[in-house]
Amino acid sequence: MTTDEQSVDTTPSVTNWESAGLPIKDFDGAEFVILTQKNDNAAQTWRMIAPEEQTGDNLNDAMYNRNKKIEEIYNIKISSYYSSSLKNDASNSINSGDNAYSAILGQISDTYSLAQEGKFYNFYDIDHIDLDAQWWDQSVIEGLTYNGTLYNLTGDISPATNARIYTLVFNKDLCSELGLEMPYQYVLDGTWTIDRFSKYISDVNHDVNGDSIMDYEDRWGFFSQDGCSWMMYFAGGGQVTSKDKSGNLSVSYDTERNIRLATEALEIAFDKTKTLMANKYVTDNNGSWAAATAWFASGKALFRSSVLEPIPRDLRSLDVNFGIVPFPKLDENQSQYYTLPEEYSIMLSIPITADAEFAGLILESLAAESVSTVSLAFYDVCLNGKVVRDEESKAMLDIIFKNKIFDIGYFANIGNFRTMLANLEKAGSTNVASSYASSLSTAEAALKKITDNFDSIK
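Read on for an overview of the structure. Since this is a predicted model, take the numbers as computed values, not measurements. (Residues numbered from 1 in each chain as written. Predicted model: local features only at pLDDT ≥ 70, side-chain atom pairs only at ≥ 80, totals over all residues. Heavy atoms only, no water.)

## Digging into the packing of helix α19 (residues 417-427) against helix α20 (residues 432-457)
- Where α19 meets α20, the closest approach of the two axes is 11 Å, and the angle between their N-to-C directions is 150 degrees. Between α19 and α20, the interaxial angle falls into the category roughly antiparallel. The chirality of how α19 crosses α20 is right-handed. On α20, the residues touching Phe 417, Met 420, Leu 421 and Leu 424 of α19 are Val 432, Ser 435, Tyr 436 and Ser 439.
- A class-by-class count of the residues in the contact of α19 with α20 yields six nonpolar, two polar and no charged. (Axes fitted to C-alpha atoms, helices over the stretch in contact; angles between N-to-C directions. Helix = DSSP H or I, 4+ residues; strand = E, 2+ residues; numbered from the N terminus. Parallel < 35°, antiparallel > 145°, perpendicular 65-115°, else oblique. Left-handed = near helix turned anticlockwise from the far one by under 90°. Contact = heavy atoms within 4.5 Å. Nonpolar A, V, L, I, M, F, W, Y, C, P; charged D, E, K, R; others polar.)

## Examining the environment of Glu 309
- Looking at where Glu 309 falls in the secondary structure, it is placed in the loop between β9 (301-307) and α14 (310-313).
- In this structure Glu 309 comes out as buried when scored by relative accessible area, which is 1%.
- It is 28 Å that separates the C-alpha atoms of Glu 309 and Asp 331, two residues lying 22 residues apart in sequence.
- Apart from the residues lying within four places of it in its own chain, the contact partners of Glu 309 are Gln 44, Trp 46, Arg 47, Ala 163 and Arg 164. (Buried < 20%, exposed > 50% of the residue type's maximum accessible area, 1.4 Å probe, protein only.)

## Here we look at unusual backbone geometry
- One non-glycine residue with positive phi stands out, namely Asn 75, at about 55 degrees.
- For Asn 75, the position within the fold is in the loop between α2 (58-74) and β2 (76-83).
- Judged by relative accessible area, Asn 75 falls into the partly exposed class, the value being 34%.
- Located in the positive-phi region is Asp 203, a residue other than glycine, with phi close to 60 degrees.
- Mapped onto the secondary structure, Asp 203 falls in the loop between α9 (194-201) and β5 (220-224).

## Some words on the sheet that holds strand β1 (residues 30-37)
- Within the open sheet, the four strands sit side by side as β2-β1-β3-β11. Their pairing is mixed. With one partner strand each, in any of the chains shown, β2 and β11 (346-349) form the two edges of the open sheet. Across this sheet, the average inter-strand angle for adjacent strands is 20 degrees, counted without regard to direction.
- Where β1 meets β2, eight bridges bridge the pair, whose relative direction is parallel. (Pairing = 2+ DSSP bridges.)

## Points about the packing of α2 against helix α15 (residues 356-370)
- Between α2 and α15, whose axes approach to 10 Å, the crossing angle comes to 135 degrees. On the basis of the axis angle, α2 is oblique to α15. Both α2 and α15 take part in a crossing whose hand is right-handed. Within the contact between the two elements, α2 uses Arg 66, Asn 67, Lys 69, Ile 70 and Tyr 74 and α15 uses Leu 361, Ile 362, Ser 365, Leu 366, Glu 369 and Ser 370.
- When grouped by side-chain class, the residues that make up the contact of α2 with α15 number five nonpolar, three polar and three charged.

As structure tokens, this is what we get:
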């Protein structure tokens, strides 16, 4: 068992603003406004950063109290401006030259293109931001840094990215009923692979109503959704882009290993003897993913792919005995598990119209204070019956959070990579080598445009 595969205690040590050694300044009541995405679901606390009041929710109140402490230290007022069109609002504000927002907390699908237009500060250039500090997510820094530049950042300051990482949920009672071992030990031993996962979901399908048609009335091995092939692809160590020792980016999906990995992922995704996609069921139920979760909870499938967020949102209230494991490795030669964050991951950026020193100091202060407040509260949400209900799943969460991977090509969808795999899924095709080869020149051109943009504004 390797270090990366062991359960790692991610409970934060006692770290706060005082231990960070940051300077005290009086900002004379200045407003620190964070532009963020409007969220109509008040229960999704992890999407927030500046709640307006205490509600009794541990996570909400941890963020509220953290902000109040930093407000008092620096004589400032922290607030959010909630936008229904964040990309447009951010762009318009920056183009007009106003300094309405000190920071932006937005989906990287919106902000990454703005970064290429030179609308954000490089975090490496911001005073008071210590990118080596434990409160910044080092996997983000490693993955999204290009040529000494970084325009999106997260960590203890916001649990939003951790809430939207891909996981596998399984029905423990059905696992026992089928005479299968709980998969936890395989994960810990480093032997939780695509081949082993495939064996778990084989021979589970059962025509419950006897109509000779396998559909949503029956039992399945794997209940997933469009795109599960690229969830497995990245979990198996697949890449769209890679960096050399000098930090130069290149398109790297057209390799023998990546083609094999994508092929095996696709074979599971469209195998009708194992896998059922949730998308039509969601459409038939007025677009409700909660309905799909309830379908899984009723015992209709052994495994379900999901981001973490719906588990406390939907699954915790249902009568189902479930566990969580990471997506599998390609094979046992893979040194560690990889956890893929959703392409809509929410991260921080600093607009070039902001006071950079002010923004850096306050964000660093909030992040440092979050280690023993916000992160502990988020872990409490995960552990106290809301996400996981057993000690084994706690160990799985440790592995899932520790091994996030951030691929610039994935977030920028270079060569329409995600769409390419999703289309192969729908076509029931494993013609990966041909698809990769035909898209390579487009992907290389798209990556060159991105790197040229960043090089021109550095």
